[in-house]
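Close look at the chain arrangement
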Amino acid sequence: MDEKPAPISRRNRPAKAPLSREAIVTAALAILEAEGVSGISLRRVASAVDTGPASLYVYFENLNALYAAMLDAAFGAVELPEEGKGWRTRLKALLTSYLLLLYEKKGLAQLAMMQITCGPNALRIVERVLALLMEGGVQETRAALAVDLLLLHVTAVAAEHSNWRDNGSDFTKAKEVFENLSAEEYPLLHANRELLFATSPKSRFLWALDVIIDGVLAAPPPDD
């Protein structure tokens, strides 16, 4: 008796991976790092996970919800400081980790400027910043306001520097302009032209954090 021939699969590609919230976010973050914020769309992300845009609405109500999930997933890499060091040192270490994450991942800082996320990873960052400020003796109202101030400052610095990097900009042309300023027309800029560019970005960042923290410690809470 002749044997029946083995069935031949008509599928010309591997089976699709199961669609999930995590798979969608992972694909969206990969697109963000490769193409920046402008490359993100529900259609583009759906194509990356081999489905149609309508399928994404099962997991995310709109593009902003996907943005928020992307941010929160990325925030999981922010290092929370270990115990044993002073509260200010730990606070600055946390904010530095946050800065480096936003700077090193293309498009992430710009996304953080566009979207607010209240996911678990974002909340743990806010919780720790608030705890460290209160450990330092900052009154509750000022601490609550300071969380927003500090994170906004760090996000803005990361966005600015990542924009410079992505656009190939540096201080070379600006330094040339300042070096040739007229002493009569711009006496202070001329006299301090070297100091304006002397400090490293890292030192500037840490100094600015100290300025903000010192101001938070000294400033009275708002009237309302």
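Residues numbered from 1 in each chain as written. Predicted model: local features only at pLDDT ≥ 70, side-chain atom pairs only at ≥ 80, totals over all residues. Heavy atoms only, no water.

1. So, the overall build of the protein chain
The number of helices and strands found in the protein chain is eleven helices and zero strands. In the protein chain, the succession of α and β elements from N to C terminus is α-α-α-α-α-α-α-α-α-α-α. Whereas a compact globule of 224 residues would reach a radius of gyration of roughly 17 Å, the protein chain reaches 24 Å, over 25% beyond that. Residues classed as buried in the protein chain amount to 32% of the 224 residues present. When the accessible surface of the protein chain is split by element, carbon and sulfur atoms take 55% of a total near 14,300 Å². Seen as two clouds, the 23 positive and the 28 negative side-chain charges of the protein chain have centres 8 Å apart. (Helix = DSSP H or I, 4+ residues; strand = E, 2+ residues; numbered from the N terminus. Rg over C-alpha atoms; globule rule 2.2 N^0.38 Å. Buried < 20%, exposed > 50% of the residue type's maximum accessible area, 1.4 Å probe, protein only. Areas by Shrake-Rupley, 256 points an atom, 1.4 Å probe, with all protein chains shown as cover. Lys, Arg positive; Asp, Glu negative; His and termini not counted. Charge placed at Lys NZ, Arg CZ, Asp CG, Glu CD.)

2. Observations regarding the UniProt feature "domain: HTH tetR-type" (unreviewed entry) in the protein chain
UniProt's feature table lists "domain: HTH tetR-type" (unreviewed entry) at residues 18–78, given in the numbering used throughout. Annotated as residues 18–78, this span is 64% helix and 0% strand, and its ends, taken at the C-alpha atoms, are 28 Å apart. (UniProt positions renumbered as here; feature names shortened; annotations may be inferred.)

3. Regarding unusual backbone geometry
Backbone geometry at Asp50 places phi at a positive 60 degrees, although glycine is not the residue there. Within the secondary structure layout, Asp50 lies in the loop between helix H2 (42–48) and helix H3 (53–56).

4. Some points on the packing of aromatic side chains
For the coordinates displayed, the defined rule picks out two aromatic pairs. For the ring pair Phe75 and Tyr98, a centre distance of 5.6 Å and an interplane angle of 65 degrees mean the geometry is edge-to-face. One end of the pair, Phe75, is in helix H4 (residues 63–75); the other, Tyr98, is in helix H5 (residues 87–104), with 23 residues separating them in the sequence. Like Tyr98, Phe75 is buried. Ring geometry for Phe178 against Phe197: centres 5.3 Å apart, planes inclined by 75 degrees, an arrangement best described as edge-to-face. (Phe/Tyr/Trp six-rings, centres within 6.5 Å; stacked < 30°, edge-to-face > 60°.)

5. Quick look at the nonpolar core
Residues Leu66, Met70, Leu91, Leu95, Val129, Leu133 and Leu150 are the most contacted members of the largest nonpolar core, which totals 54 residues. Listed by contribution, the elements that provide at least two residues to this core are helix H1 (21–35), H2, H4, H5, helix H6 (108–114), helix H7 (120–135), helix H8 (140–167) and helix H11 (201–218). When residues in this core are grouped by element, the largest group, nine residues, is from H8. If we skip the residues at most four places from it in the chain, Leu133 touches Trp87, Leu91, Val138, Ala143, Ala146, Val147 and Leu150. (Core = buried A, V, L, I, M, F, W, Y, C linked by side-chain atoms within 4.5 Å. Contact = heavy atoms within 4.5 Å.)

6. Structural notes on the pattern of salt bridges
A complete count under the given rule lists eight salt bridges for this structure. Between Arg90 and Glu135 there is a salt bridge, with the nearest N and O atoms lying 2.3 Å from each other. On the criterion of sequence distance, the pair formed by Arg90 in helix H5 and Glu135 in helix H7 is long-range, its members being 45 residues apart. Its relative accessible area of 45% is what places Glu135 among the partly exposed residues. Note that Asp166 is salt-bridged to Arg165, the shortest N-O span being 3.0 Å. The exposure class of Asp166 is partly exposed, given its relative accessible area of 40%. Overall, the relative accessible area of 32% leaves Arg165 in the partly exposed class. Ionic contacts of the salt-bridge type, sharing partners, join the residues Arg88, Lys92, Asp210 and Asp214 into one network. (Salt bridge = Lys/Arg side-chain N within 4 Å of Asp/Glu carboxyl O.)

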